[in-house]
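The chain contents come next:
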Amino acid sequence: MSRADKAVHYAIVKQFAVITVDNPPVNALSYSVRKGLAMSLEEASENDDVSGIIITCSGRTFIAGADISEIGKPPGDPDLPELLEYLDAIEKPVMAVLHGTALGGGLETALCCNYRISTPSTRFGLPEVHLGLIPGAGGTQRLPRLIGIEKALAMVTSGNPIGADEALECGLIDKITAEDPLSASIEYLEEKIKSNCSHPSIRLQENPITKYSGLDDTFNEYKKHAEKRKRGYLAPLYNIRSVEATCELPFLDGLKFERELFEELMEGDQSKAQQYLFFAERHANKVPDMTREVVDFEVQKVAVIGGGLMGAGIAMSMANAGLPVTIIESNQKSLIRCQKNIEANFQGSQKKGRLSHAQVKQRLDYIDISLNINDVSEADLIIEAVFENMELKKDIFGKIAKLAKDKVVLATNTSALDLNEIAESSGRPQDVIGLHFFSPANVMRLLEIVRAKKTDLSIIKTCMKLAKRIKKIPVLVSVCPGFVGNRILFVRQQQAMRMALQGIDIERIDRLMVEFGFPMGPFQTADLIGLDLGWEKALTNKFLLVDKFCEAGRLGQKNAKGFYDYDKNRKAKTSAESSKLIKEFARLKGINSRELTDEEILDQCLIPMINEGVKIREEGIVSRNSDIDVIYAHGFGWPAYRGGPMYYGRNLGSEKIIKKIQNYFPLDDDKTFLPSKSFEDILYGN
Ligand code: COA
């Protein structure tokens, strides 16, 4: 057999065997790579003329992990733990040459080598926690032995990679080289062999417990933190438990224990959902009617019109990615307020240790605030982020369309207004697109990219690329009221209000949604958003419960009273006045109380969301069910370990859902909750 279909190349350079993994795009450890590596390692071990082995990768990166598409399938011989045990036991010195990213199984491979050398830009991590897993091929046993318990805990629980300088400092790698890494590694290995030293092996290092004491507190802190910040997720706790085992078990028993935990997670529902979301995010990047011929352009300068909460957040996202941005404000007072908000926000990140003083300064240098709208003329992307008023937006688009370059993206951050109408008002609708950021825009990763009727494909391509640059997760959607995220949220909120009017405690509804995994329930969400969003006193619609609250001066967290009362620390308390308003309104509308089980309450919040998702697909607003799941997991707090509403619905089964809809909503006048006609076809389609 060839070396596993050429996924791995073998060459002799001087006295070394150079083994090169070549499995684009990210050199994942697919079956062919494992097979090829096993054959090459065996050949190198058995060749007496070979005095050392170098493992490197071609293309843009070192091995970026196990092949996620193979997880859960029969592994094929050798599986990764077997391969790495073989590698670890080789007596000749082995060196890993790292570039790009050494992640998951890639880093685990490097940890089985005696030496690691890297380029300055390499990043190292064990991101399995993001897939609902722990490293399953020795990562949790070798990493703490090499870099210490605390550092290893930070890496496996966050899943975030570290850079080369940090890796060198903590001993994860032996050397950084700015020269040709292969030549540098040959030189390094030659020296080591000449010096006759014994070649370090992590497996042979003493247990970290002998080096560190008083670790109980550390483990408990990490567990507490994981239970709070990653409530409901199993993988962070399993990662901690597995690292803890390095203090309790000899190396080989630790490996066995790690494997047991890995397999338990791999067979569970959480990891399956999180793996699904990994690919869902990548699918969302693909626009079905986009072709290679479509030419995008690079955004080098941005202008944001309006420096309020949204505008400032958008500008900070750009500055974080190193993009110069000019905010256009309408008056001096707003300009100063905007500047202060941005400074305070960056300084807050500095206080929390997330940014250095130099990084804050650099970001502030990227942001300019101006009172002159003519300053948009230099920008490749202009984003309007003023308040939701159609006339105002039309006026702005009329102006900027005349001032802007020929090649430009004209974007609006509207979440409620008709994008097609805004686009037409500009006179150049082909350049207009919606960029719907979520608040706080510098933190939230979701970006709904809204395609209007006439938006040109080159504008879409430019925005999809920009999203990646500013580290957002883009999902392309078409125009409909509320776009995708808010439209689905609206039906859930509507249903929660309906149950409240039927006499179900709002605290109970909120609690059940939080137990399901949302960060907050429907009434806590309403209070946070503000009950007066879209409410105008003169136009009060007497048929909405929130209008009743606004009339009573209960606007939500902003004035410390909404569905709940809030103390000065924004802690919610039950409100007698709120209960009274709900009861009065129910009486006014002639709604009778009823009893509901916990399951019925959850169903009545969640099932309308799935149904609305199906309707959205039916109308062609998004290209795939998984796009809706990405929107919900990244913008609306749907727990990633439950995949998203469409994934959840598919697992529940269409027959069951349709029965529940017919059961719960038989008298629905406005047909909001009637099952969509092609429910089954869509739910089980792509
Ligand atoms: N297994 C299988 N496919 C993988 C993969 C993996 N471990 N990592 C990436 N890919 C695929 C992606 O699905 C994508 O495929 P597509 O082009 O068909 O959509 C392609 O490789 C490029 O990935 P993408 O994430 O778009 O590229 P990027 O340059 O933005 O990021 C990485 C590269 C490696 C940083 C990123 O892909 C990543 O974090 N991968 C996962 C790493 C991981 O979790 N490893 C542990 C696995 S247990």
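Everything here concerns the structure above.
For the structure given in this document, a descriptive report is provided here.

Analysis parameters
- Residues numbered from 1 in each chain as written.
- Predicted model: local features only at pLDDT ≥ 70, side-chain atom pairs only at ≥ 80, totals over all residues.
- Heavy atoms only, no water.
- Buried < 20%, exposed > 50% of the residue type's maximum accessible area, 1.4 Å probe, protein only.
- Helix = DSSP H or I, 4+ residues; strand = E, 2+ residues; numbered from the N terminus.
- Pairing = 2+ DSSP bridges.
- Near = heavy atom within 4 Å.
- Polar contact = N/O pair within 3.5 Å; in protein donor to acceptor, adjacent residues only side chain to side chain.
- Areas by Shrake-Rupley, 256 points an atom, 1.4 Å probe, with all protein chains shown as cover.
- Nonpolar A, V, L, I, M, F, W, Y, C, P; charged D, E, K, R; others polar.

The side chains of a regular strand alternate between both faces of the sheet. The element strand β16 (residues 446-451) is extensively covered by neighbouring structure, given that five of its six residues are classed as buried. Summarising the sheet, strand β15 (residues 432-437) and β16 pair through four bridges and their orientation is antiparallel. Paired with Leu435 across the two strands is Ile449, which belongs to β16. Pairing analysis gives six bridges linking β16 to strand β17 (residues 473-478), with the strands arranged parallel.

Attention now moves to unusual backbone geometry. Residue Pro25 is bonded to the preceding Pro24 through a cis peptide linkage, with omega at 5 degrees. In this structure, Pro25 sits in the loop between β2 (16-21) and α1 (31-46). The peptide bond linking Asp77 to Pro78 adopts the cis configuration, its omega dihedral lying at 0 degrees. Here Pro78 is to be found in the loop between β3 (52-57) and α2 (80-89). Even without a glycine there, the phi angle at Phe483 is positive, about 50 degrees. You can see Phe483 is positioned in the loop between β17 and α18 (485-501).

The environment of the ligand is formed by 20 residues, the closest being Arg60, Ala66, Arg282, Lys286 and Lys468. Note that an oxygen atom of the ligand is positioned 2.5 Å from one of the side-chain N or O atoms of Arg60. Interatomic distance of 2.8 Å between a side-chain N/O atom of Arg282 and an oxygen atom of the ligand. Expressed as a share of its isolated accessible area of 860 Å², the protein-covered part of the ligand is 73%. Elements with a contribution of two residues or more to the shell around the ligand: β5 (101-103) and α11 (269-284). The element best represented in the shell around the ligand is α11, accounting for three residues. Tallied by class, the residues present in the shell around the ligand amount to eleven nonpolar, three polar and six charged.

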